[in-house]
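# Tertiary structure, described
Listed here are the chains, written in short residue letters.
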Amino acid sequence: MSKEDLKDLVRRSFVVDDTNRYELLDMQVDIRTNQNLVGAMYTKRALDRRPTDASTPLIIVQHGYVTRHPRSPNIVLDAMYVERGRKEEIGQIECTSLGEAFLNGVRFERLP
């Protein structure tokens, strides 16, 4: 799979099922190499117009990393974390730094 194929695959994997409730605002995909494996870091921003547990619309931001398993190419890992809140609550430094550390720490190791 080429880098462009991977980028297109990640972009196509995000489908908004309930367009009355959710609106996809932005989607970014960057191809990266980690442990000699080509993967995709992505960020998807969506608007939840009618959240069930809030009285105002909320922003949902999903950050993730997708890569193939090094010894089993039919297995794909998708590690991600999600931020959800009002616009001014999204992107807090502590959440962002913890999330980035989590995604950058994804490793494949041989089990004992």
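Report follows, based on the coordinates. A quick note: this is a predicted structure, and the numbers were derived from the prediction, not measured. (Residues numbered from 1 in each chain as written. Predicted model: local features only at pLDDT ≥ 70, side-chain atom pairs only at ≥ 80, totals over all residues. Heavy atoms only, no water.)

Scanning the protein chain from N- to C-terminus turns up 2 helices and 4 strands. Counted from the first residue to the last, the protein chain has its helices and strands arranged as α-β-β-β-β-α. By principal-axis analysis of the C-alpha atoms, the protein chain measures approximately 50 × 30 × 25 Å. A buried classification covers 31% of the 112 residues belonging to the protein chain. Across the protein chain, every contact between residues at least 6 apart in sequence was considered, and the portion connecting residues at least 24 apart equals 46%. (Helix = DSSP H or I, 4+ residues; strand = E, 2+ residues; numbered from the N terminus. Buried < 20%, exposed > 50% of the residue type's maximum accessible area, 1.4 Å probe, protein only. Contact = heavy atoms within 4.5 Å.)

Moving on: the pattern of salt bridges. One pass over the structure, following the stated rule, counts 6 salt bridges. Glu23 is the salt-bridge partner of Arg49, the closest N and O atoms lying 3.1 Å from each other. Remark: Glu23 occurs in strand 1 (residues 22-34) and Arg49 occurs in the loop between strand 2 (37-48) and strand 3 (58-68); sequence separation between them is 26 residues. Taking the relative accessible area as the measure of exposure, Arg49 reaches 34% and is therefore partly exposed. (Salt bridge = Lys/Arg side-chain N within 4 Å of Asp/Glu carboxyl O.)

The next subject is the nonpolar core. Residues Leu6, Val10, Phe14, Met27, Val29, Ala40, Tyr42 and Val66 constitute the largest nonpolar core, which totals 8 residues. Residue assignment for this core shows that the elements contributing at least two residues are helix 1 (3-12), strand 1 and strand 2. (Core = buried A, V, L, I, M, F, W, Y, C linked by side-chain atoms within 4.5 Å.)

Right, let's get into the sheet that holds strand 4 (residues 76-85). Reading across the sheet, the 4 strands line up as 1-2-3-4 and stay open at both edges, with antiparallel pairing between neighbours. Edge strands, defined here as strands with exactly one partner in the open sheet, are strand 1 and strand 4. With strand direction ignored, the average angle separating the axes of adjacent strands in the sheet is 15°. Taken together, the 10 bridges between strand 2 and strand 3 define a ladder with antiparallel strand orientation. (Pairing = 2+ DSSP bridges. Axes fitted to C-alpha atoms, helices over the stretch in contact; angles between N-to-C directions.)

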